[in-house]
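Residue-level structural notes
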Amino acid sequence: MPISVGDKIPDVTLKTNGPDGPEDVSTGELFAGKRVVLFGVPGAFTPGCSNTHMPGFVIKTDKVLEKADTLACMAVNDAFVMRAWQKDQNAEAILMLADGNAELTRALGMEKDSSAACMGIRCLRFALIAEDGVVSYVGIDTERGVVDKSSVDTVLAQLQG
C-alpha cells in the first residue's frame, strides 16, 4: 500500500554523490523540520524520466524552492548514475538520491516489478510533499508514459494551497 497523506516518511539511508564520492543521506534527517518535495522516477536516463518528468522540475526548480526547503529526486539507481543524470539534465539544484536497493521505494509502497523488461524492481513515478517528515501531498502516476499527478505543475499547485 503506497504512503498516504498524514503518514510519516520512513527513516531509510540513501546515497548521494558528494565531492568525494557516495555519501549517506538519512531521510529522517533530510525531512526533519523542513518542507521537502520528493519525486521518484522509474529510472535515470529512461525516456519518460529524461524527456518529460525531470525537465519540468529543472525548468521550475526556483519556483519549487520558493515554497519548499529542498527539492529531491530518487530512483532505484546507484549514486554514480544519479550524478551522471544530474549533470546530463542540468539539475544541479536538485538533490539526487540513489535508492540502489529499493529500500525507500519499498518502505513508501512505491515499488513495481519491471523484471519482464530486465529492469528488476523499480520505483513508480510519483511526487510527494512532506512537512517535517509528514506527507501533505502524494501523487502517483501508474499509466505508462503519463506524467500528471507527479508533474512539477501539479506539485506547484499543491504548494500554493
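As shown above, the structure is provided for reference.
The following refers to the structure shown. All values reported here derive from a predicted model rather than from experimental measurement. (Residues numbered from 1 in each chain as written. Predicted model: local features only at pLDDT ≥ 70, side-chain atom pairs only at ≥ 80, totals over all residues. Heavy atoms only, no water.)

1. Side note on helix α2 (residues 47–59)
- In this model α2 runs 17 Å from its N-terminal to its C-terminal C-alpha over 13 residues, within 8% of the 18 Å that 1.5 Å per residue would give.
- Taking the largest bend as the criterion, α2 deviates by roughly 30 degrees, centred on H53, and proline P55 comes between one and four positions later.
- Every buried residue of α2 is accounted for by C49, S50, H53, M54, P55, G56 and F57. (Helix = DSSP H or I, 4+ residues; strand = E, 2+ residues; numbered from the N terminus. Expected span 1.5 Å × (residues − 1). Bend = angle between axes of the 7 residues up to and from the residue. Buried < 20%, exposed > 50% of the residue type's maximum accessible area, 1.4 Å probe, protein only.)

2. Some remarks on the nonpolar core
- One finds V37, F39, C73, W85 and I94 to be the most contacted residues of the largest nonpolar core, which totals 26 residues.
- Of all the elements in the fold, those that place two or more residues in this core are β3 (35–40), α2, β4 (70–75), α4 (79–88), β5 (95–98), β8 (125–131) and α6 (152–160).
- For this core, the leading source of residues is α6, giving four residues.
- Those residues within four positions of W85 in sequence are excluded, and the remaining contacts are V41, A44, F45, C49, S50, M54, C73 and M96.
- Counting residues in hydrophobic clusters, the runner-up holds 24 residues, among them I9, L38, L97 and V135. (Core = buried A, V, L, I, M, F, W, Y, C linked by side-chain atoms within 4.5 Å. Contact = heavy atoms within 4.5 Å.)

3. Structural notes on the environment of I121
- You can see I121 is positioned in strand β7 (residues 121–123).
- Separated by 14 residues in the primary sequence, I121 and A107 place their C-alpha atoms 13 Å from one another.
- Contacts of I121, omitting those with residues within four sequence positions, involve V76, A102, R106, E111, K112 and D113.

4. What to know about unusual backbone geometry
- You will see that F45, though not glycine, has its phi angle at about 70 degrees, which is positive.
- By the element assignment, F45 lies in the loop between β3 and α2.
- Look at N90: it is not a glycine, yet its phi comes out positive at around 55 degrees.
- Residue placement: N90 occurs in the loop between α4 and β5.

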